[in-house]
Amino acid sequence: MPVVVVESPAKAKTINKYLGSDYVVLASYGHVRDLPAKDGSVDTANGFDMLWEVAPDSKKHIRAIVEALKTDDTLILATDPDREGEAISWHLQEALASTIKKGKKVSRVTFNAITKEAVTEAMKHPRQVDQPLVDAYLARRALDYLVGFTLSPVLWRKLPGSRSAGRVQSVCLRLIVEREMEVEAFRAREFWSVSAVLNTPRAQEFEARLTVLGGRKLDKFDIPTVEAAELAVQAVTSRTLSVLSVEAKPASRNPYPPFMTSTLQQEASRKYGMGAKACMSAAQRLYEAGHITYMRTDGIDMAPEAVTAARAEIGKRFGPAYVPDAPRIYKNKAKNAQEAHECIRPTDLSVAPAELRLSERDQQNLYELIWKRTIASQMAGARMERTVVEIGSADGQVGLRANGQVVLFDGFLKVYEEGRDEDVEDEGRLPQIMQGEAAVPKKGGFEAAFKKQADAAGKDDFDLIEAKSALRRVPSAVISPDGAILASQSHTQPPPRYTEATLVKRMEELGIGRPSTYASVLTTIVDREYVRKDKNRLFPEDKGRLVTAFLTNFFRRYVEYDFTADLESQLDDVSAGERDYKEVLARFWRDFSAAIAETADLRIGEVLDKIDDFLSPHLYPLREDGSDPRICTTCGTGRLHLKTSRSGGAFIGCGNYPECRYTRPISGEEGGSVDGRVLGLDADGVEISLRAGRFGPYVQKGEATEEAPKPPRASLPKGWESASLTLERAIELLSLPRQIGPHPEDGVMVESAIGRFGPYVKHGPVYANIPDVEEVFTIGMNRAVEVLALKAAGRRGAAVAEPLRALGEHPDGGPVQVMPGKYGPYVKWAKVNATLPKELTPEAVTLEEALALIAEKAGKSGKKPPARKAAKAPAKAAAKPAAAKKPPVKKAVVKKDAVKKDAAKAPAKAAAVKKPVVKKTAAKAAVSEDVLDD
């Protein structure tokens, strides 16, 4: 039977169902080889030769393929249809080289969807591994390795606390940091807008915005103050208005193209708040189950048969009016057609989301998104009518405009509307309005809106103007006497921080990275603590700012957007067979290694000074009083400098340290000192302060003196923010350990405290962890005794973990179970525990897979659990009188060790040599004498 190899067991199971018993389908569990994580894996001096290593977890998968090939001469590599999939096939071919040499036939097949039709059709068109695609993978892997293993050590030495740098991740981080710097540098600008609620002669109301004042067209900032807004409201109120013109224009909207990887990630983020990683994980499972086509693609074209199926489904579900006259063709935007695949779409368009029963919510949402977008992409466009109404005064001094939109035919909008990254006001529908008719202000039209503004400001803030105008005003609004004209205050907004959706969109626009890299890049910069996510927005951490500043100053070329995008284009040329990948590597390495060499003599002080200067406009913003922003506000003489702690955090500190302990975060307000900030006085009048130490922030009671060189201190627990710490919380921390009371059994004091490994309760020598820090301050005796009892029971072995699954009986007897463990789930049989690989979940592992893991583990550790025949051993051992014969004293040590080693194998033998207590003691004495003699 031909042996077919795919990446995952889920995919293997589905494909095996389609191919039947004539094929053996096995999983490689992803890549089987990679570059070892050590220097020298890419030999830059010898043509960039790469040292590959088979991963330990992959060896058993390779062995399974080798075993299968013993009975068949055909190997079919059916990994994913992209660069990574081609690389996995190449790695498999290389790893199996010794087996393949023996007359085996090797071929490569690809399919864009895991359906019976697609799989069986692919088997009819085998090919060889695409070497240009493999070369592009080799170039990318070598580049990422060279940047990571060359640049990261420079960061570690020159910038304490930094963890890594990457070819794409560092550029992505720069985008986030620069956007944050734009936000910080932003200064809001005030402007006002004036609107009116007007009535037609038929008593139909509509809203219009002031566009002309004093006979001149208004720009955004032409009404900059509340005084100017009052004049504008008065100008509109004092004039009679009429409709100058009504212009209606037909308009249409065409549907969006089907999804590719980046647009799917963007929409999943906008509509469901799914991160790129979660989106791709859910898409992977949908693909492996055969519900959608391949999810890593930069193509938007759809297969002809899918277009036909979509049009048929549209006509069936929505009627012929929603089917356009001709199929919609979307042009592929991918630069490299060789790597462009079909769009992401359902494999069967007749299966609507409600008809596909999926257990996971993420998969349900994603399938619905893909199905609706695919169907909508082939539907008729929406037809609408846009109306613009111009209203003005007879003297031309005042003009207003009303915009409206009427949807005449919804078309694709019946199914799908693309999400938006930012809120945009929709145009409302207008009533019937005719040119030349009067437009009369509606009394009280804006009263509700003005009341809302007044409530927000507080009624005491009303500033009623009792002069001629009788206008009413609150800080953010001015309303006319009749309540029909309203001026509203607004401020310009800073550029929005990136979400994962907008960041992916920006990277795509700049040509940075490729569809398969976005999720991993975003995950990496969050895991490295360079960036944090808050309400779906991306904020740079201090470490991220420092890394970006360092790279921008010392490796600017390698974080330039154009340079990274050009390198991606070169790699695309490699995959198209138009460029030699080793030439790309040589050109990159020549300049990059020279840049690395230039930093060899840099001192940490120089690096910090350079970064300090680079970030100074944002670290030290101008003060309102015009004084030097670098002068310490605490001591008045020291200059502020950028400093780093051993933990990698960065902060601003005074140059007069330790005399002046002023510090603040690099992204914090000037008045917010982290070190030396006085929180208040305790009951005895002693000062409680917040300080920064080598292991993080802590609170201290009083100051160090000769009598008390180490005043009471307590570190802030994980999750406590120093900026929001209060005096009461600080005193609670300093009061630990807290005495709960005497234990009811022995009267020994029970205490609660926070230690190196988290919160705990203590009774004598027994320590028991508790899950929540807050419980340290509230836990009572009953709860404490319960926690301590559970800990004691665990020590005695009473608290035994329950198995997650029972897989069946081992061939040698005894149950095989899946157990929960501290470091992940594992399979257990007798005394053998074998950790489950990451790709095997407790729910998916089979008895056969568990037996293989147990056998491998037992072979490595030398463990041999008792076999079934062990029960007969005592009788055989008892029949041997020689076993009870006393050995010479000189060999007692050897015999004792032998008995210990063989105790598990032959219990009867151990019993046979067992001596009475007195004789055993004598034997021990003889052993001691022999050892001393030796």
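Computed from a predicted structure; not experimentally measured.

Digging into the pattern of salt bridges
Piece 1. The final tally for this structure, using the stated rule, is 51 salt bridges.
Piece 2. Between D49 and K582 there is a salt bridge; the shortest N-O distance is 3.9 Å. You can see D49 sitting in strand β5 (residues 49–50) and its partner K582 sitting in helix α18 (residues 581–598), a full 533 residues away along the chain.
Piece 3. Look at K582 and you get partly exposed, because its relative accessible area is 30%.

Side note on the packing of helix α17 (residues 561–575) against α18
Piece 1. At their nearest, the axes of α17 and α18 sit 9 Å apart, and the two run at 160° to each other. Relative to α18, α17 is oriented roughly antiparallel. Note on element contacts: α18 touches α17 through Y581, V584, R587 and F588, opposite F563, L567, Q570 and V574.
Piece 2. Taken together, the residues of the contact of α17 with α18 sort by class into six nonpolar, one polar and one charged.

Some remarks on the pairing of strand β19 (residues 531–534)
Piece 1. With four bridges joining them, β19 and strand β20 (residues 537–540) adopt antiparallel strand pairing. If you follow V531 over to β20, its bridge partner there is P540.
Piece 2. Joining the antiparallel neighbours β19 and β20 is a turn of two residues, in which K535 adopts a positive phi near 55°.

A word on the pairing of strand β1 (residues 3–6)
On a regular strand, each side chain points to the face opposite its neighbour's, so the side chains alternate between the two faces of the sheet.
Piece 1. Neither face of β1 is left uncovered, since the one carrying V3 and V5 and the one carrying V4 and V6 both have all their residues buried.
Piece 2. Where β1 and strand β7 (residues 74–77) come together, three bridges link them in parallel fashion. In the sheet register, V3 faces β7, and the bridge partner there is L75.
Piece 3. Inspection of the sheet shows β1 paired to strand β2 (residues 24–27) by four bridges, in the parallel sense. In the strand pairing of β2, V6 is matched with A27.
Piece 4. Following the backbone out of β1, through helix α1 (residues 9–19) and into the adjacent parallel β2, one traces a crossover that is right-handed.

Considerations on helix α9 (residues 261–272)
Piece 1. Relative to the 16 Å expected for twelve residues at 1.5 Å per residue, α9 spans 16 Å between its end C-alpha atoms, a close match to the ideal helical length.
Piece 2. Among the residues making up α9, those that are buried are T261, S262, T263, L264, Q265, Q266, E267, A268 and S269.
Piece 3. Structurally, α9 contributes buried residues whose contacts are with α10 (276–288), α12 (361–377), α14 (500–510) and α15 (518–527).

Cut-off values and rules
- Residues numbered from 1 in each chain as written.
- Predicted model: local features only at pLDDT ≥ 70, side-chain atom pairs only at ≥ 80, totals over all residues.
- Heavy atoms only, no water.
- Salt bridge = Lys/Arg side-chain N within 4 Å of Asp/Glu carboxyl O.
- Helix = DSSP H or I, 4+ residues; strand = E, 2+ residues; numbered from the N terminus.
- Buried < 20%, exposed > 50% of the residue type's maximum accessible area, 1.4 Å probe, protein only.
- Axes fitted to C-alpha atoms, helices over the stretch in contact; angles between N-to-C directions.
- Parallel < 35°, antiparallel > 145°, perpendicular 65-115°, else oblique.
- Contact = heavy atoms within 4.5 Å.
- Nonpolar A, V, L, I, M, F, W, Y, C, P; charged D, E, K, R; others polar.
- Pairing = 2+ DSSP bridges.
- Right-handed = clockwise from strand over helix to strand, strands pointing away.
- Expected span 1.5 Å × (residues − 1).

It is worth stressing that arrangement in space is one thing and function is another; only the former is reported here.
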